[in-house]
Amino acid sequence: MPLARSFPHMNRMFLRLAVLALCGVGLSACETLDSVNPFGSGPKYKMELTPDVPPNKLYDEGLALQQKGDHERAVKKFEQVEKVNAGSDWARRALLMQGFSQYEAGNYDDAVNTMARYLQKNPNSDDAAYAQYILAMSHYNQIPDIARDQVRSAKAIAALEVLVQRYPKSEYVPDAKAKLQVARDQLAGHEMEVGRFYLTKRNYSGAINRFRNVVSQYQTTRHVEEALMRLSEAYMALGIVSEAQTAAAVLGHNFPDSRWYKDAHTLLQSGGLEPREDAGSWISRSFRRVTTAVSFGDGSAGKTEPTE
């Protein structure tokens, strides 16, 4: 007895293999057996052959779409390059351009994820600084107004600081430093917004905590002058005269032409007091740690020096 006749399932398996082998010869051979379905009734399978496209051609197509402003389709081209040529130099380039196209399209969260993936895979590449810059700018471009939560500002600052510290010779560092100043100013502005609100509610301790954050952490922002004046105001309201005098004295020493110093001085005089610095105050100690504080009000810089 023939083997195939004794084992019917072997006959069916042979038929399946024969069909697959013929399909391997070409699509036309597979189509001639379209009526043969060794798997029983059901939808018929149609093989589709995708022609191989060189990675450089796909990459160039992505660049062309990018230049035309068709960022979404460009992303898909670069994704295809990365998928088909995983681990190659073309895949590395495509991943970088994928993140850039997402950034250009305004899909900032996608750009952050893509550039983070690029940096994880290629931490020492020549384009690592560029990837870090796009990642940071993706956070930066989502910074909200000062009345809203500033999580994005904090993320932008962290990413920009990584760029400055890890790639100090990068061409993107000057712009990163400028963006850092803006982002820090945004965080300081948010602290001021909340601090002023507490002042209106006579929650002086809450207000002091917010203004203290500005003086301690954001001395190079344009908000530090007002923060010192508001500290004088809050401490005066609580009857903590020494700290009120110190805040005004530090303000006057560092920003003698500031309108906020004039307000603080007037406030103290209304209580029969004058600015007087207590060297042991946290305000004095905070300013000893900084060599220069920038005033954005009139473009001048106030130089801080160690207090006696």
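Cut-offs and rules
- Once a new chain begins, its residue numbering starts again from 1 and follows that chain's sequence as written.
- Totals for whole chains, interfaces and linings use all residues, but because this is a predicted model, local features are given only for residues with pLDDT of at least 70 and pairs of side-chain atoms are given and counted only at 80 or more.
- Hydrogens and waters are ignored; side-chain quantities use all the structure's heavy atoms.
- Whenever Lys or Arg places a side-chain nitrogen within 4 Å of a carboxyl oxygen from Asp or Glu, that contact is recorded as a salt bridge.
- The way it works is that DSSP assigns letters per residue, a run of H or I at least four long becomes a helix, a run of E at least two long becomes a strand, and they are numbered from the N terminus.
- Here the term buried applies to any residue with accessible area under 20% of the maximum for its type, exposed to any over 50%, and partly exposed to those in between, with areas from a 1.4 Å probe on protein chains only.
- Throughout this description, the term nonpolar core refers to a set of buried Ala, Val, Leu, Ile, Met, Phe, Trp, Tyr and Cys residues connected via side-chain atoms within 4.5 Å.
- For this analysis, residues touch if any pair of their heavy atoms sits within 4.5 Å.
- Note on geometry: axes are lines fitted to C-alpha atoms, helical ones only across the stretch in contact, with angles between N-to-C directions running from 0 to 180 degrees.
- Working rule for angles: under 35 degrees goes down as roughly parallel, over 145 as roughly antiparallel, 65 to 115 as roughly perpendicular, anything else as oblique.
- Crossing handedness is read from the near helix: turned anticlockwise from the far helix by less than a right angle, it gives a left-handed crossing, and turned clockwise, a right-handed one.
- By the criterion applied in these results, polar contacts are pairs of N or O atoms within 3.5 Å in which, for protein atoms, one can donate a hydrogen and the other can accept it, and in which residues neighboring in sequence qualify only through two side-chain atoms.
- Every residue is assigned a pLDDT by the predictor, reflecting its confidence on a scale from 0 to 100.
- A helix's residues, less one, multiplied by 1.5 Å, set its expected span.
- The arc in question is the one spanned by the directions pointing from the helix axis to the C-beta atoms.
- Under the grouping applied here, Gly and all other residues not named as nonpolar or charged are polar, the nonpolar ones being Ala, Val, Leu, Ile, Met, Phe, Trp, Tyr, Cys and Pro and the charged ones Asp, Glu, Lys and Arg.
- Only the six-membered ring of Trp is used, alongside the rings of Phe and Tyr, when aromatic pairs are assigned; centres must lie within 6.5 Å, and planes under 30 degrees apart are stacked while those over 60 apart are edge-to-face, with the rest tilted.
- We call a charge positioned above a ring when the Lys NZ or Arg CZ atom is no farther than 6 Å from the ring centre and deviates by at most 35 degrees from the ring normal.

1. Details of the pattern of salt bridges
Thought 1: Across all of its chains, the model carries 17 salt bridges by this definition.
Thought 2: Between Glu61 and Lys57 there is a salt bridge, with its nearest N and O atoms 2.6 Å apart. Highlighted residues: Glu61 and Lys57, both in helix H4 (residues 55–67), separated by four residues, approximately one helical turn.
Thought 3: Its relative accessible area of 24% is what places Glu61 among the partly exposed residues.
Thought 4: Arg73 is the partner of Asp70 in a salt bridge, and the nearest nitrogen-oxygen pair spans 3.3 Å.
Thought 5: We classify Asp70 as partly exposed; its relative accessible area is 24%.
Thought 6: Residues participating in the shared-partner salt-bridge network are Glu193, Arg196, Glu226, Arg230 and Glu233.

2. Re the nonpolar core
Thought 1: In terms of nonpolar packing, the biggest core is built from 69 residues, with Val215, Leu228, Leu231, Leu251 and Ile283 touching the most fellow members.
Thought 2: It is helix H8 (residues 128–140) that provides the largest number of residues to this core, a total of 10 residues.
Thought 3: Setting aside its immediate chain neighbours within four residues, Leu251 contacts Glu225, Leu228, Met229, Pro256, Trp260, Tyr261 and Ala264.

3. Describing the environment of Gly189
Thought 1: Locating Gly189 in the fold gives a position in helix H10 (residues 173–200).
Thought 2: Residue Gly189 is classed as buried on the basis of its relative accessible area of 1%.
Thought 3: Sequence-wise, Gly189 and Arg222 are 33 residues apart; in three dimensions their C-alpha atoms are separated by 8.8 Å.
Thought 4: In this view, Gly189 contacts Ile146 and His223; residues no more than four positions away in its chain are not counted.

4. Considerations on the packing of H8 against H10
Thought 1: Axis separation between H8 and H10 bottoms out at 12 Å; the angle between their running directions is 25°. Between H8 and H10, the angle is such that the two are roughly parallel. When the axes of H8 and H10 are compared, the crossing they make is left-handed. Facing H8, whose interface residues are Tyr133, Met137 and Tyr140, H10 presents Asp175, Lys179, Val182 and Ala183.

5. Some details on the side chain of Ser284
Thought 1: Tracing the sequence through the fold places Ser284 in helix H15 (residues 282–288).
Thought 2: Under the relative-accessibility criterion, Ser284 is labelled buried at 1%.
Thought 3: Polar contacts involving the side chain of Ser284 include one to the side chain of Glu277, which spans 2.7 Å.

6. Comments concerning the side chain of Asn85
Thought 1: One can find Asn85 in the loop between helix H5 (71–84) and helix H6 (89–104).
Thought 2: Other than its neighbours up to four places away in sequence, Asn85 contacts Pro55 and Ala91.

7. Re the confidence of the model for the protein chain
Thought 1: Looking at the protein chain as a whole, the pLDDT averages 81, with 76% of positions reaching at least 70.
Thought 2: Contacts for the low-pLDDT stretch residues 1–40, under 50 throughout, to residues beyond four places or in other chains number 19 contacts.
Thought 3: Low pLDDT, under 50, characterises residues 291–308; the predicted model gives this stretch 33 contacts beyond four residues in sequence or across chains.

8. What to know about H4
Every α-helical turn comprises 3.6 residues, leaving residues that sit three or four positions apart pointing alike.
Thought 1: The end-to-end C-alpha separation of H4 is 18 Å, in line with the 18 Å expected for 13 residues at 1.5 Å each.
Thought 2: Listing the buried residues of H4 in full gives Pro55, Leu58, Tyr59, Gly62, Leu65 and Gln66. Along H4, the residues classed as buried sweep out an arc of 120° about the axis, all on the same side.
Thought 3: Packing partners of the buried residues in H4 comprise H5 and H6.
Thought 4: Trailing H4 by a residue or two, Gly69 shows a phi angle of about 90°, which is positive.

9. Remarks on the packing of H10 against helix H12 (residues 224–238)
Thought 1: Between H10 and H12, the least distance of the axes is 12 Å, while the angle of their chain directions is 20°. Taken together, H10 and H12 sit at an angle that is classed as roughly parallel. Viewed along their axes, H10 and H12 form a crossing whose handedness is left-handed. On the side of H10, the interface is formed by Met192, Arg196 and Leu199, while H12 contributes Glu226, Ala227, Arg230, Glu233 and Ala234.
Thought 2: In terms of residue class, the contact of H10 with H12 is built from four nonpolar, no polar and four charged.

10. Focus on the packing of aromatic side chains
Thought 1: This structure, assessed with the given rule, holds seven aromatic pairs.
Thought 2: Ring centres 6.3 Å apart and planes at 40° place the aromatic pair Phe100 and Tyr130 in the tilted group. Of this pair, Phe100 sits in helix H6 while Tyr130 sits in helix H8, placing them 30 residues apart in sequence. Each member of the pair, Phe100 as well as Tyr130, is classed as buried.
Thought 3: Between Lys179 and the ring centre of Tyr140, over which it is positioned, the NZ or CZ distance is 5.6 Å.

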